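# Fold and contact review
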Amino acid sequence: MDDSVKQLLRQIIRKIPSSKLESTLTKWDHLSKRQFRSLDFTQPKWLFCENLLSLCEENDLTVKQVTELDMLYHIEHPNQGTWYACQLVDAEEETLSSELVHFRESFKKHLKYLISHIAVKTKKNDDGSIWIRIAWGDNFTRPNHLKPSYVVHHLQTPYVFVSGLTAKYKTLLHQALVLSTRYRSITDVHLSGRCLSALRDLLMRQYKQVFPTKYPRPLQERNPLPSTPNIENEHMKHTENRLQMAAEVFGDGALPKLETAVYKLETKYRDNGNEMLSGREEPFRGEVRFTSSNLLESLKSCVSSGIACAPVTPLLSSITQKGRNYFVITDKGPGISRPPGPKI
Amino acid sequence: MPRKSNLSRLDMNSSSENDSSNSGRSDRSLRVAENNRKKSEAEDPFVLALKYFSQVEEGTPWKGNDVVERHMAVVERVALSQGLPPEAISVLLDFAMSLRMGAALCVRVLKILVPASVVPQEAVIKGVSWLCVGKLPMNAQTMFIRWVLTVFDLIDSKDHLRAIYGFIFSFVTEDNLCPYICHLLYLLTRKESIRHYRVRKLLDLQSKMGRQPFLMHLLALYKVFCPELVTLSFPSKMKSGFRNHNSTWKVALSAVQKKNKAEVFSDIQLTVSVKKQPTSKKRKFKGHLMVPAMSSVPRIGTSNNKAFPLEQLRTFSQLLENLHRIELPAQMGSMLGSPLALHYMDCVRDDSAFLRLNFWLGHSLHEEFLFCRDSDSEDMTEAVRFLNTLISTQCFLQEGFSSTEVFLYKFLRVWDGALLRPQILGLLSDIPVVPSSRIKDLLFEPLMQLFFTSSLYFKCSVIECLNSMLLKWLTWHSVYALEDELDISVTSHTPLNMTLSGLMDSVVQLVQFVGRIATVGLQLEGYHPLLLSFTLDFYETVCDMYIKYNLPLVLMPPAGVFYPFLLATDPITVDRLCHIMYRYRTNLISAKDQDQQTEKAFHISRKTYREFNQYVVSIVSCLWNSRVFLAGMGIELSDEVLAQSKVPEYWTTFSLIHHPAFMGYAVDFHQKCWPERKKLDLNSIRTGKRWDWYVEFLFSEGFQGLKEFVESSLNRRASDREAGATAVG
Amino acid sequence: MSLKPYSKLPELNTANVLLVENEEEFQKRLSEAIVRQENSVNVTVRLARCLPLPVENAEGRPRIDLVVFIVHLRSEQSLLSTEASLKHLDSGYFLGKVCFLVTGARSGTVSYERLASIKRTAASLNCPLLMTEDKTTEGVHTAAQRVLNILKVSAGLVPMASGLYLSTLIRCSMPTDSDWQNQD
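Residues numbered from 1 in each chain as written. Chains lettered and ligands numbered in written order. Predicted model: local features only at pLDDT ≥ 70, side-chain atom pairs only at ≥ 80, totals over all residues.

Chain C goes by Centromere protein M in an unreviewed UniProt entry, where it is assigned to Megalops atlanticus.

Short version of the rule: UniProt positions are given in the numbering used here, feature names are shortened, and annotations may be inferred rather than shown by experiment.
If you check an unreviewed UniProt entry, chain B appears there as Centromere protein I from Megalops atlanticus. Comment text from UniProt for chain B, heading Sequence similarities (unreviewed entry), reads "Belongs to the CENP-I/CTF3 family."

Written as structure tokens, this is what we have:
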């Protein structure tokens, strides 16, 4: 084991919280039973790390085996860092569905063809997704395992999720993906968040949706109000409507967890009172950012509690309907306000 | 005395070794043990870490430096679990402030500088000297000063620190540091440290920065010590002054102290009660209301002429011996929990102590409770305990703090009438006399709103509260009023200078206010006996104001209160009313005598006599003469209305026989007189000697008030059963 | 169409209160507390987000004896909504049949301006203004009890007292600046 491997292992252990160390190392399975038993998980981390290092040295582990640990931890705990969603478009042949072995081989091949010094590691997860860990290097340096990118792709779907990718390697990755999946191109869908499964659910519509009907279910079914005859709500109908509307837009039950929604404004400033700004030719740039630990729930409760006006503005409803949380709003033509269907 | 040994790991080892040697081991094993000890000492990561920090060379890079990382980890662990021993504090503080490994590490070290026992004064001095070098970034500077403020009580002595007062003072010109420096100076200031040029500097700053509360408080303290140097006038009630300084260390420090105290003091009986501190809490999210523990650290007996920290007081005799050189703790709030400290406050009458305590209290009540960022928490136990301590302190000192008063006036305006009711009303009854010009705005208006919308029990407790408020005002008057002249401008440190007429105006307002709210309250609550009883309590205080408390004032209850008493359904109420009327009579007569003897005494208006006589006539005609509702008897009703009620002989319905309160006794008496009689004829009691016997019978049943009233106010005409009321006036 | 206090006949031993709040959460808890607390009188609570009330309910709506406006100081919207709703109330209600319930006055994050503004409104209409602790169950309980106390008077269930009489005793006074911010 050389120093870079040691450093890598140290970094990985530092990242993993103490409470998760034991379970992650069990899964890793590169230590003998005896070695594993000798580990004391109550030790302070730096001390524990030294002990672990000496064991690994005994076993003479390679970089590959060490990165496996990192990967294991990431698959178990995917909600770290920000994930960006991409979509593959224009399928070449419908019939030729890509299978795992083939995809793996061809992706590695294509990527290695594009850039020489990289280390790629893939693993199939239980839910059918394929996880790819890429450590990038360039022509003169070795792959940097300390800052890897993670790519998650569900075969049979056009969606790819990426985290930890720098702009420098973006095109390379995209190209390799396109080549190995028989699609013609790939685009950014402008959806990002910390929770991987939420992004997936949102794009694949895997949350409980409610569709507009003529005969909404009576409110009591969903939201039992106090049943005493002595309390009566004057605005019962409105409340029902609002709840229905909120459910139609954002879905019912537990909603996918998004943290932010960003609206970039590139529109003209309109305010009759302020001549300084409203007369200008160039657009007034601004950014509106909503943040919450669970943005969709917050927005939904704003609508259902009546804090936000109903019907819900398309700006908010497009988060779920279009599956994205980054929008740029521009004026279409001079003076005419564009209907707020956002475009990039 | 706290053993400081148990806090450093090395000493702990050695002591255990010594123990084992006592148990009779051979020399050889002792030597082995000694060697082991040395070995373990050399290997102890904490010792190694300290060694590293004391020896590390300047300019060592810290980024990616695993060695420093490892040592930091050890130190952090020790600091947060058991606190740092004094020598470690010195080493680490020196390491941090010298910036040997850059500013980032400096701040990081400062953050974990949690002392286990004492902070050596020399370490702080050294820190200040590094501050003077001027290389520290601003955030580290403020952090250091905040740290000093936090651990101020733990610094083993402060004489050298006071010696460099001038150096510390020089930092007031730094805008960012100024609030904290002012606070530190506030804690360090002695009379001798006040100089003309310092006052001038502060005034300069004030003109530059505006009337900043921290400057004001420091100047106010200067004025307390040297009034001739500071000519500025201060409002009697100042805004709370100093910024919060201890947020970084509060949790860790209290946890460590709690742990160590539990070990150290388990066998010592404490007269200075150490408050149990709640464990970790984030200040941002929760109001903190606790009496800080009086930190007890330094060693006694290091020198004889040094100041004696108040927190070391254990016994009363100690207090007496050291009275002249008591040093106040930095956290004035800790005095609340300590009876000895309060004794000290009370007998020394130290203005600066009062000023500081008041400031601390105002700040806690206002920032942490009234304006608490987040009032969600259902858990009010902390607040209850705090306010109870405050109440008992005020009770001990027998006066309210002005900051409590300010707090209460504000709180009443946002009170829902239920939150902490017993505590708030308890504090309210402690407030000093409110000037009559402001009493309506401050007290009556908010109380009235709460009173009329709240429950019966709230109404009762408000009346009770106002009763004890009145009692305290009267007691205060009777204690402070000079006997020869009735001028009672008190020269205590109570900011209130009140003349007799001012006090009387306030008392009149208060009594009239209670009369008003009781009238309407009784009406709204359907003359509930409980409310009647509390109102009677109040008037029992009012009727005796002249004789008991020497306040030349007689105030009669309004009709809306008097008649409900008289026509109440329970005999106790009527009896107590009679007692009250008897006391009024005694007061009036004694006032009249006084009036005749000395010319300059007060004059009771004819109206009061008239009212009193009217009430007496009402009672007599109602209970004795069976002439209720007849013309000239107080309550008059037209004959037609009374006829409509179809009650036969309605004028007798409230006589002592038919009065709903006494009817039971009348029946009882009837039974005793004519045991064989089947038919009840109460009117037969009115005839002959029986009436007198009946009245005697009532007296024997324990109606003392009735007896007093009869004996004083009734002139019996022997010829018939008519009685006349004896008028006063 | 504005709500009128005397357009309907009262019912025996009944008191009706209308709670107006632009959010619904506190309203619901308060209404439950009110109903649970009162046994001797038949109290019905009607909940509304704002005034005017929907016309289609006008038939079945009993006579409203007291209108309670719930104002959350932490939200500007709550204040604006209350001000707007007040316009739809018949002037007869302001003779002792309206009260304001304010939450969050004790919190440090609330601006003094909002409190002063609602106090001014209440004072100009001669209405009482009650402070409430909405976060705790005890606070809701107390608020319910105080609303009931006023309701019983304004519904004429307390002998020799009327809503107008009570509200002259407890009406809000104009806020002065020295109330709050100045300690000097």
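### Observations concerning the overall build of chain B
Stated precisely, the cut-off is as follows: The helix and strand labels rest on DSSP assignments: H or I over at least four residues marks a helix, E over at least two residues marks a strand, and numbering proceeds from the N terminus. For the exposure call, what matters is how many other C-beta atoms sit within 10 Å of a residue's own: 20 or more marks it buried, 12 or fewer exposed, and in between partly exposed, using C-beta atoms placed from the backbone. Two residues qualify as being in contact provided that their C-beta atoms, derived from the backbone, are within 7 Å of each other.
Summing up its helical and strand segments, chain B has 32 helices and four strands in all. Split into buried and exposed, the 729 residues of chain B put 39% on the buried side. Sequence-distant contacts, at least 24 apart, represent 74% of the contacts inside chain B between residues at least 6 apart.

### Brief notes about the overall build of chain C
Within chain C, the secondary structure is distributed over five helices and five strands. Scanning chain C from its N terminus toward the C terminus, one meets helices and strands in the order β-α-β-β-α-β-α-β-α-α. Looking at chain C as a whole, 46% of its 184 residues are labelled buried. Counting only contacts in chain C whose residues sit at least 6 apart along the sequence, the fraction spanning at least 24 positions is 82%.

### Remarks on the environment of L136 of chain B
Residue and element names in this part refer to chain B. By the element assignment, L136 lies in the loop between α7 (121–133) and α8 (138–150). Residue classification places L136 among the buried residues on the basis of 22 C-beta atoms within 10 Å. The sequence separation of L136 and C106 amounts to 30 residues, and the corresponding C-alpha distance is 9.1 Å. Those residues within four positions of L136 in sequence are excluded, and the remaining contacts are M97, L99, W130, L131 and Q141.

### Observations regarding the pairing of strand β4 (residues 98–103) of chain C
Residues and elements named next belong to chain C. Rules: Note on handedness: a clockwise path from strand one over the helix to strand two, with the strands aimed away from the viewer, defines a right-handed crossover. Here a strand pair is declared whenever DSSP counts at least two bridges between the two strands.
Most of β4 sits out of view: six of its six residues are buried. Viewed along the sheet, the connection from strand β3 (residues 66–72) through helix α2 (residues 76–86) into β4 turns out right-handed. Pairing analysis gives four bridges linking β4 to strand β5 (residues 129–132), with the strands arranged parallel. The partner of T103 across the bridge, within β5, is T132.

### A short note on unusual backbone geometry
Residue P52 of chain C follows L51 of chain C across a cis peptide bond; omega there is 0 degrees. One non-glycine residue, D60 of chain A, lies in positive phi territory at about 55 degrees. Classification of D60 of chain A by C-beta neighbours within 10 Å gives exposed; the count is 9. Positive phi is not limited to glycine here, since L99 of chain B has a value of about 60 degrees. On the secondary structure map, L99 of chain B appears in the loop between α5 (86–97) and α6 (102–111).

### Let's talk about the sheet that holds strand β1 (residues 83–91) of chain A
Residue and element names in this part refer to chain A. Threshold: Orientation is described by lines fitted to C-alpha atoms, with helices fitted over the stretch in contact, and by angles between N-to-C directions that extend from 0 to 180 degrees.
If you walk across this open sheet you meet the six strands as β2-β3-β4-β5-β1-β6, and the pairing is antiparallel. Looking along the sheet, the strands with just one partner apiece sit at the ends: β2 (118–124) and β6 (183–193). Each strand axis lies, on average, 25 degrees off the axis of its neighbour in the sheet, ignoring direction. With seven bridges connecting them, β1 and β6 associate as antiparallel partners.

### So, helix α12 (residues 295–304) of chain A
Residues and elements named next belong to chain A. Under the convention used in this document: Picture the helix axis, draw a direction to every C-beta atom, and the arc is the one those directions span.
For α12, the set of buried residues is L295, L296, L299, K300, V303 and S304. Burial along α12 is one-sided: seen end-on, the buried residues are contained in an arc of 160 degrees. Elements in contact with the buried residues of α12: α10 (236–250), β8 (260–267), β9 (284–291) and α13 (314–323). Downstream of α12 by a residue or two, G306 has a phi angle that is positive, lying close to 85 degrees.

### Considerations on the sheet that holds β9 of chain A
What holds strands together in a sheet is hydrogen bonding between their backbones, with the strands either parallel or antiparallel. Residues and elements named next belong to chain A. Strand order in the open sheet made by the three strands is β9-β8-β10, with mixed pairing throughout. Of all strands in the sheet, those bounded by a partner on one side alone are β9 and β10 (326–330). Within this sheet the neighbouring strands show an average axis-to-axis angle of 15 degrees, counted without direction.

### A look at the packing of helix α1 (residues 3–15) of chain A against helix α4 (residues 45–59) of chain A
Residue and element names in this part refer to chain A. Applied cut-off: Small angles under 35 degrees read as roughly parallel and large ones over 145 as roughly antiparallel, with 65 to 115 read as roughly perpendicular and the rest as oblique. Left-handed describes a crossing whose near helix is turned anticlockwise from the far helix through less than a right angle; right-handed describes the clockwise counterpart. Ten residues, namely Ala, Val, Leu, Ile, Met, Phe, Trp, Tyr, Cys and Pro, are considered nonpolar, four, namely Asp, Glu, Lys and Arg, are considered charged, and the remaining ones, Gly among them, are considered polar.
Where α1 meets α4, the axes come as close as 10 Å, and the angle between the chain directions of the two elements is 140 degrees. The angle between α1 and α4 places the two elements in the oblique class. Here the hand of the crossing between α1 and α4 comes out right-handed. Between α1 and α4, the residues in contact are K6, L9, R10, I13 and R14 and K45, C49, L52, L53 and C56, respectively. Of the residues in the contact of α1 with α4, the class split is six nonpolar, no polar and four charged.

### Focus on the packing of helix α24 (residues 529–543) of chain B against helix α27 (residues 571–597) of chain B
Residue and element names in this part refer to chain B. One can describe the packing of α24 onto α27 by two numbers: an axis separation of 10 Å at closest approach and a directional angle of 15 degrees. In terms of axis orientation, α24 runs roughly parallel to α27. In the crossing of α24 with α27, the sense of the turn from one axis to the other is left-handed. Between α24 and α27, the contacting residues are P529, L532, L536, Y539, E540 and C543 on the first element and T573, R576, I580, R583, Y584 and N587 on the second.

### Here we look at the nonpolar core
The test is simple: Buried Ala, Val, Leu, Ile, Met, Phe, Trp, Tyr and Cys residues whose C-beta atoms connect them within 7 Å together make up a nonpolar core.
The biggest cluster of nonpolar side chains holds 230 residues, and the ones touching the most others in it are L92 of chain B together with V17, V68 and F100 of chain C. Beyond its immediate sequence surroundings of up to four residues, L92 of chain B is in contact with F53, V75, L84, V109 and L113 of chain B. Ranked by size, the runner-up nonpolar core spans 43 residues in total, among them A85, V160, F250 and L299 of chain A.

### Looking at the environment of F316 of chain B
With respect to the secondary-structure elements, F316 of chain B resides in helix α15 (residues 316–321). For the pair F316 of chain B and A341 of chain B, spaced 25 residues apart in the sequence, the C-alpha separation amounts to 10.0 Å.

### A few points about the confidence of the model for chain C
Residues and elements named next belong to chain C. Condition: Per-residue confidence from the predictor is reported as pLDDT, a score between 0 and 100.
Taken as a whole, chain C shows an average pLDDT of 86; of its residues, 93% reach a score of 70 or greater. Of the regions scoring below 50 in pLDDT, residues 179–184 engages in 11 contacts with residues more than four places distant in sequence or in other chains. Under the prediction, the complex receives an ipTM of 0.92, its pTM being 0.69.

### Digging into the environment of V695 of chain B
Residues and elements named next belong to chain B. Relative to the helices and strands, V695 resides in helix α31 (residues 690–700). The exposure class assigned to V695 is buried, which follows from the 21 C-beta atoms found within 10 Å. Considered as a pair, V695 and K707 are 12 residues apart in the sequence and their alpha carbons are 8.7 Å apart.

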